[in-house]
Amino acid sequence: MSKLPPDPIYIFRGHNSVINTVKILKDIVISGDINGQIILWDLKSKKQILKWKAHNDAVLSIDYIYGKEHIISQGRDNLLLAWDYGTFKRENAKEIKIISSLVVDSLSFCKFNLFQNEDSSELLLAIPKLNKNEFVDIIDLNSKTVKFDSIGVQDKDIKAGMCMCMKLIKKDCKLYLLVGYEYGNVIMWNLENKDICWNLKFHSEPVFAIDVSNSLKYGISVSADNIIAHFEITENKNPKYKEIKSKTCGFADIKFRYDDKIFATAGWDSKIRIFHAKKLIPLAILSYHRGGIQELDFLKKENENDGKINELISCSKDGCLSLWKIY
Amino acid sequence: MVESHILKNIRQKLSKSFKVIEYDIQYPKNNDIEIVKNALKEPYTFFIEKTNLSSNLSISKYFNSIIQNEYSIAKKEFISSYYQHFLEFIIEHVCVNWYPCFSQEEKKQLFENYFIPEKNVEYYEYLIHYSFYIISRYISLKEHNYIMQIMTKFLEKFLKRNTVNDFLSIRKEFDDSIWTQYVQLVSFLPDRMVSVYKLETDSFFMEKNFFKKIGIEISHSLNLIAENSKDSIENYKIQRLIILISKLFRLGKTDAIVEPLYNDMRKRIKNLSYRKVIGDLIKGLNMNELEKLFNYIMKQFQQSKSNENLLKNSLFLYDLSKDIISTCSSLQFLLGTKFLVRVNYNVEVLKILIYFFYKLDYDKFSSISLISILQNFINTWLDSYFMNNASKLQHQNITYGILICLSYLEHDDFSQTDIEIKFLKGVGKYLESTRYDIRTYGMVIAESMSEKLHKTDKKLDFELTETDEIKFLRSLVKNNLENYANEHRELVGDELEENNEEKEDNEDTNTINNDDYNQDQDVSSEDEDPDEVVSDLDITYDNSSDEESDDDDLEPYYMEEEEEITSAQELKNKIKPPLYITDCISGLIADEEPNKIEISLNTAPELIKSCGLNDIKEFGIRLCSILLNMSNNYELDNFEENRQEALNNLLIKNPTLIAPFICEQFYQKNYNLSQKFIMLNTLSTAANTLSSFLDNSKKNEKDEETIEIDNIIDRFNDINENQNINKDESIKKEDLSPIKIIAKRIEQHTRRFSRKSLIKKKVIRENKFLNYAKYFFFPLIGKFDCTSEIFTALNRSEQSLLLERLILTLGIITYCSMNSLDCRRMCRELWNFCWSYRFYETKSQRCNVRNSILFGYSVIFNSLSEELIMDEFGGNSFFGLGELEELYEWIMKLLEENKIESKDVKFSTDILYHLKSITEKKEQQLFN
């Protein structure tokens, strides 16, 4: 008889409202809610390190620059802020300081995407263009310049609608951008020549999340419908792809684990589903939350000698973060 | 060709002979009894009796024309074609006329033998079928008492001599219809006898005795079939018996039929051929009849108390059904599901049945393995509907069942099943139960189950106080019949050894099956994942080719079966329509569930129509206010129609309660104009329906839209017009539109041969509205105040619209209450109301208040008789006409100023016509 799925190993409680975004690092967890609050949690003691009001409106997304130890947060107040976590940690300070800020367009709910190499010498930020949410700007955060401008399609050429989610990748020294659109299209751009590699309409509803495996071979996308699309990352006009039809509709997020063995989806039905990344079969359904799940994050392996890492964190509309260990 | 020629020839001869015989019997020469006797004697001697007289056909008086070679054919022919007819003939002509004159011996020889032939005669089985048919037919021949008595006497004798088995032995090739006829006759014979003889029915034919006899005969014939089946079983006989048994079961004679059968089975079930016969019988029975048979057996089992009896019964059941249960799915369902889970016998039966399944020892993937039986129990146990609504007895039954099953199962049996998960789910639910007994049952199951599942240390213990019941429950797990059987091997005896051998054989085959199944499972999990849909493009898509080696460590966890929701329609289908008003109310207020609202609203009109009056008394007001306050947020189809119909039905169902409520709501501030229109609509429609002015049935046929005020006014117009046709031709002529003229001409030139279809059938109906009119009218008119906020808050055009509708509604209510006691008072109120608004200037293009005022007056003149109008509105003066005069002047002034629209002309002319006739009457009065 098969085993029962595991229960969460810890529940973080501290937000008073819907948690929009979460990021797990080796020692901390960062989470942001719709009141604009961000909380830093100690992963060992499971206690709050700091809670502060980062934005005047909801926090949409959070990321971490490993090389610089900065936290980046995007709010619906149309600001993208960089916070100096490194100094805060070293000096044991009582509050965290803003290093820089950038005005962005967060009207469309589209979350930013950050591409960083190991030493953060290359830091690229993909963000919807101001006042033109169909297009994407790529900003170099080191030089603070716009590197690629207005990547997108006119509605008359391809009817795709606003961009909903993005993923920047670098494969074989070439930069690519995957964008999920309002009408269900996923388009892969070659940024060097601003060409569309391919455009496929996997979904019938807006695409909510795209992720790419660490081997850069495959991508996955989810939307408000019940399809999980698994596709090949290639310049080829007709990439191979496979669709998994789930029995429930609506996924807010999808993430590969660092070892590309599994991926997880964040369901509106408050369940996390784990899939086998190669066989594409469902492996487990993790249920704890009482509200739809907003975002997921797998812990990354930063050193080779870290041993087995299988932590997964999820945030939900019920105001809780749950930490799991799976496979 | 030759044969048929011979046959024809023989038939001719036989017909001729019988004609002569019949003539001789009917009209014997000199009324000589000897001639009759002789005529009666010959057919029996030659064609029925088994003698060698056949060679002496030539000496026969009547059959001498038949030659020796033709004899056998002639005999057959006699039986198939002439016998029945001859019986009828002698009943009619001999029974009354000659039979009493015969001596005892002659009676038997010459008459009775025809009906009750000797057993040794040829074609005996056919003769009895035919004879049985004739006798039973003549029993109910009420014209002749004597025949009836004789036939009853014969029938009793006949049935005592001929058992079911005699009838059964009719040849296989023979058509089944003769057997069906027999079944029919037998099953209704007692009824027939009772209807003929009433209280004087012979005890032999009393239902109880008769069917008991038939039951014994059936089991006897089964025995005989088994005994004679050394070579091959006579299957057709069993089939025929099945027909008979099924019929009798359906008629409710189960106990009488099964009792002897059951006793026989207990004695003889060890006999192989008997078991086979019974097996065939069981397989042939339908579900319902099978259930009745086994139900009887279970009831017998219920009486066994000691372990010894339980064991014996269980072994009997095992013997009875071990050979057939694997192939007979209905028996599997009956024993495995129905009798165990759904029907409550006592704990003894559970013990017997579960031990029976344990003995069967099918492998765990079979649907009749003990583990599947436990699954059945657990599924029911888990069902939240069962948990909350089942009686204590049902809970007891399921709990006993689970515990007894557990007593036979070992830890290993639970592997590869989801029992543990289901069990964990269920225990949680049961521990939360608010009913003490049920919680206790849940705890005992939890304890025993955890003991079985985890063997040792992790055992649950709720530290329940050991009452007698708990002791008993626990003992169910500890002691089972298997232990008892092991202790008393002498009871099981040889049987056990035999079984063991069989069991070994079974085990071999089981293991093979098991492997097969596992293989199947592997294949399906790899290749046929139901969640996976491969699109057309990716035939070559293969993402598992790389690094296949280290992937297999990811073993899927247990996943609950998720319910697939594919379409909105399916979702809708899952919601059951409400059955009670309370359910309907909760459905209507389910703001976030449009499907629920839609289904509730769709069912509401019919539900309200069919529900009891007490429900309306209790929930009517609430339901009415919910319906009034609903808004179509989800753009549901037919929302307005259903809402209106529901309100109408509600008002019709209980007018005294709902009408004042609606009138009160009409003057509340929190309703908008359209809601007020709905209220007025409801009032007028209900008034119409109650007063039966509108023929709803006709409406349905024509499939018109829902009733609205305008429709009603149109109808009112029609009524008025019809009234006016006879009285004032000149007005009528102006109204005729060109289409009507053409239609009339066509009608004139059409020749009809039958006018029937044109004549409308007038139906007289009671005006139920009369008693309720006051509840509709006075609350509505009484509270009106043009300075109140509900009126002034509206803009001018809306005010006019509302006022127009209000007056129309009041008019309709008044018209519907025609001839009621309150009508005069209502007319007075309406008159005053309309009068005060006669100078109201309409501010809207869409309506005209004046029109409605004229309508109101027209209604008054049509509702009251002229005398009453004179009395009420004619004023006190001897010469004047009081208010009538004022009205006349007002209308004339309107006409002069050309203020009356074309559509108002009808009403004003109607009023003027009435006024004219009143004036004429007054004049007559004055001058006389």
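Residues numbered from 1 in each chain as written. Chains lettered and ligands numbered in written order. Predicted model: local features only at pLDDT ≥ 70, side-chain atom pairs only at ≥ 80, totals over all residues. Heavy atoms only, no water.

## What about the overall build of chain A?
In terms of helices and strands, chain A carries one helix and 28 strands. The burial tally for chain A puts 61% of its 327 residues in the buried class. Intrachain contacts of chain A at a sequence separation of at least 6 include 45% that bridge at least 24 residues. A total of about 13,200 Å² of accessible surface is found on chain A, and carbon and sulfur atoms cover 46% of it. (Helix = DSSP H or I, 4+ residues; strand = E, 2+ residues; numbered from the N terminus. Buried < 20%, exposed > 50% of the residue type's maximum accessible area, 1.4 Å probe, protein only. Contact = heavy atoms within 4.5 Å. Areas by Shrake-Rupley, 256 points an atom, 1.4 Å probe, with all protein chains shown as cover.)

## Quick look at the overall build of chain B
When helices and strands are counted, chain B shows 44 helices and one strand. Of all 928 residues assigned to chain B, the portion counted as buried reaches 48%. A separation threshold of at least 6 residues defines the contact pool for chain B, and within that pool the share at least 24 residues apart is 74%.

## So, the packing of helix α16 (residues 347–360) of chain B against helix α17 (residues 370–382) of chain B
Residue and element names in this part refer to chain B. Between α16 and α17, the shortest axis-to-axis distance is 8 Å and the interhelical angle comes to 140°. The orientation of α16 with respect to α17, classified from their angle, is oblique. Side by side, α16 and α17 meet where Leu350, Ile354, Phe357 and Tyr358 of the first sit next to Leu370, Ile373 and Phe377 of the second. Of the residues belonging to the contact of α16 with α17, the class tally is seven nonpolar, no polar and no charged. (Axes fitted to C-alpha atoms, helices over the stretch in contact; angles between N-to-C directions. Parallel < 35°, antiparallel > 145°, perpendicular 65-115°, else oblique. Nonpolar A, V, L, I, M, F, W, Y, C, P; charged D, E, K, R; others polar.)

## Overview of the packing of aromatic side chains
Residues and elements named next belong to chain B. Going through the model one piece at a time under the given rule, you end up with 59 aromatic pairs over all chains. Seen from their ring centres, Tyr355 and Tyr408 are 6.0 Å apart, and the 35° between their planes marks the pair as tilted. Here Tyr408 lies in helix α19 (residues 392–408) and Tyr355 lies in helix α16, a separation of 53 residues in the sequence. Taken as a pair, Tyr355 and Tyr408 share a single burial class, namely buried. Taken together, the aromatic side chains of Phe18, Phe78, Tyr82, Tyr83, Phe86, Tyr114 and Tyr130 make up a single cluster linked through ring pairs. (Phe/Tyr/Trp six-rings, centres within 6.5 Å; stacked < 30°, edge-to-face > 60°.)

## Overview of the sheet that holds strand β17 (residues 195–201) of chain A
All names here are of chain A. Read from one edge to the other, the open sheet built from four strands follows the order β14-β15-β16-β17, with strand pairing classed as antiparallel. For this open sheet the edge positions go to β14 (163–171) and β17, each flanked by a neighbour on one side alone. Sheet twist, expressed as the average angle between the axes of neighbouring strands with direction ignored, equals 15°. (Pairing = 2+ DSSP bridges.)

## Topic: the pattern of salt bridges
Residue and element names in this part refer to chain B. Applying the stated criterion to the full structure yields 40 salt bridges over all chains. With a closest N to O distance of 2.7 Å, Glu77 and Arg11 form a salt bridge. Here Glu77, found in helix α3 (residues 71–95), pairs with Arg11, found in helix α1 (residues 2–26); they are 66 residues apart in sequence, far enough to count as distant. For Glu872, the salt bridge identified is with Arg828, shortest N-O distance 2.9 Å. Of the two residues, Glu872 is situated in helix α42 (residues 866–873) and Arg828 in helix α40 (residues 823–836); the sequence distance between them amounts to 44 residues. Under the relative-accessibility criterion, Glu872 is labelled buried at 19%. The buried category is assigned to Arg828, whose relative accessible area is 18%. Three or more residues are tied together by salt bridges with common partners; here these are Arg824, Arg828, Asp871, Glu872 and Glu883. (Salt bridge = Lys/Arg side-chain N within 4 Å of Asp/Glu carboxyl O.)

## Things to note about unusual backbone geometry
Excluding glycine, a negative phi dihedral is what most residues carry, and trans is how most peptide bonds are arranged. Residue and element names in this part refer to chain A. A positive phi is found at Glu69, a non-glycine position, where the angle reads about 55°. Residue Glu69 is classed as partly exposed on the basis of its relative accessible area, which comes to 23%. For Ser120, which is not a glycine, the phi torsion comes out positive at approximately 60°. Looking at the element boundaries, Ser120 is found in the loop between β10 (113–116) and β11 (123–129). For Ser120, a relative accessible area of 4% translates into the label buried.

## Some points on the nonpolar core
Residue and element names in this part refer to chain B. Core analysis: the largest hydrophobic core is formed by 175 residues, its most contacted members being Phe115, Met151 and Phe294. Per-element accounting of this core gives the leading share, 13 residues, to α3. Those residues in contact with Met151 that sit more than four places away from it in its chain are Ile91, Phe111, Phe115, Ile135, Tyr138 and Ile139. (Core = buried A, V, L, I, M, F, W, Y, C linked by side-chain atoms within 4.5 Å.)

## Topic: helix α6 (residues 145–161) of chain B
Residue and element names in this part refer to chain B. Compared with an ideal rise of 1.5 Å per residue, which puts 17 residues at 24 Å, α6 spans 24 Å between its outermost C-alpha atoms and is within 8% of the ideal. Along α6, the residues classified as buried are Ile147, Met148, Ile150, Met151, Thr152, Phe154, Leu155, Glu156, Phe158 and Leu159. Buried residues along α6 sit in contact with α3, α4 (104–115), α5 (124–139), α7 (164–168), α8 (177–197) and α9 (207–227). (Expected span 1.5 Å × (residues − 1).)

## Side note on the confidence of the model for chain B
All names here are of chain B. Looking at chain B as a whole, its pLDDT mean stands at 78, while 81% of the residues score no less than 70. Contacts for the low-pLDDT stretch residues 544–549, under 50 throughout, to residues beyond four places or in other chains number five contacts. Below pLDDT 50 for its whole length, residues 723–736 participates in nine contacts with residues either more than four positions away or in separate chains. Our summary of model confidence lists the complex with pTM equal to 0.46 and ipTM equal to 0.82. (pLDDT = per-residue confidence, 0-100.)

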